[in-house]
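A closer look at the structure
Each chain, written out:
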Amino acid sequence: MKHVINGIIMSAIAFMVIAAVMIVSGQSVRKNELEKTVEHAAERAIGSLNEKENEEISREEFIEIFMENLAMGIESDSEVVVSIMEADPEKGILSVRAVEEYRNPLGKAGTVQAERTVILEKYSVTEP
C-alpha cells in the first residue's frame, strides 16, 4: 500500500512539473514567434516603399501590406490584436503593437505582446 501511495504522489508531481514546463516554454515560444513575425512584417512593409519608389502608396495599402505579412508569419492557434500607432508611407514610418491571446495546456488564458517601430532612412550621396 505504501508503494501505491508513493507512486501516485510521484505521478502527480511529475504531471505538475511537465505542465509547468509546457506553460513556460509555450509562452516563450509564442513571444519569440510574435516578436520575429512583427519585426519581419514591418521590415517587409517598409521595404515595399523602396520597391515602389515611383508609385504612390496610400496609408491603407501600407497597412494592408503589413497585415498580409503578419498573417503569413503567425502559425500558432491564437487571436492577434494589432494596433497601428503610426503609419506614414511618405515619411517611411511604421509603428505597431501586437497582442496575442492564447490558451495554455491547462486551459487558462495567456497573452504576449510585441511592439516594433521601423523608420525608412533615405540617403543621398553628394559628390564634392
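Please refer to the structure placed before this passage.
Owing to the predicted nature of the structure, the values given are computational and were not obtained by experimental measurement.

This brings us to the environment of Ala14. Structurally, Ala14 is set in helix H1 (residues 2-51). When the C-alpha atoms of Ala14 and His3 are compared, they prove to be 16 Å apart, with 11 residues separating the residues in sequence.

Right, let's get into the sheet that holds strand S3 (residues 109-119). The pairing of strands in a sheet comes from backbone hydrogen bonds and takes either a parallel or an antiparallel form. The 3 strands are arranged S1-S2-S3 in an open sheet whose pairing can be described as antiparallel. Of all strands in the sheet, those bounded by a partner on one side alone are strand S1 (79-88) and S3. Direction aside, the axes of adjacent strands within the sheet are offset by 10° on average. Examined bridge by bridge, strand S2 (residues 93-103) and S3 share 11 bridges and lie antiparallel to one another. Directly across from Ile93, in S3, lies its bridge partner Ile119. Its contacts with the sheet place helix H2 (residues 59-73) against S1 and S2, and it is angled at close to 145° to S1.

All right, on to the pattern of salt bridges then. Within this structure, the stated rule accounts for 4 salt bridges. The partner of Arg30 in a salt bridge is Glu100, and the shortest N-O contact between them spans 3.5 Å. One end of the pair, Arg30, is in helix H1; the other, Glu100, is in strand S2, with 70 residues separating them in the sequence. Glu100 carries the same exposure label as Arg30, and that label is buried. Note that Glu39 and Arg116 form a salt bridge whose closest N and O atoms lie 3.6 Å from each other. One end of the pair, Glu39, is in helix H1; the other, Arg116, is in strand S3, and 77 residues separate them in sequence. The exposure class assigned to Glu39 is partly exposed, which follows from its relative accessible area of 25%.

Procedures and definitions
Residues numbered from 1 in each chain as written. Predicted model: local features only at pLDDT ≥ 70, side-chain atom pairs only at ≥ 80, totals over all residues. Heavy atoms only, no water. Helix = DSSP H or I, 4+ residues; strand = E, 2+ residues; numbered from the N terminus. Pairing = 2+ DSSP bridges. Axes fitted to C-alpha atoms, helices over the stretch in contact; angles between N-to-C directions. Contact = heavy atoms within 4.5 Å. Salt bridge = Lys/Arg side-chain N within 4 Å of Asp/Glu carboxyl O. Buried < 20%, exposed > 50% of the residue type's maximum accessible area, 1.4 Å probe, protein only.

The analysis is restricted to geometry; functional conclusions fall outside its scope.
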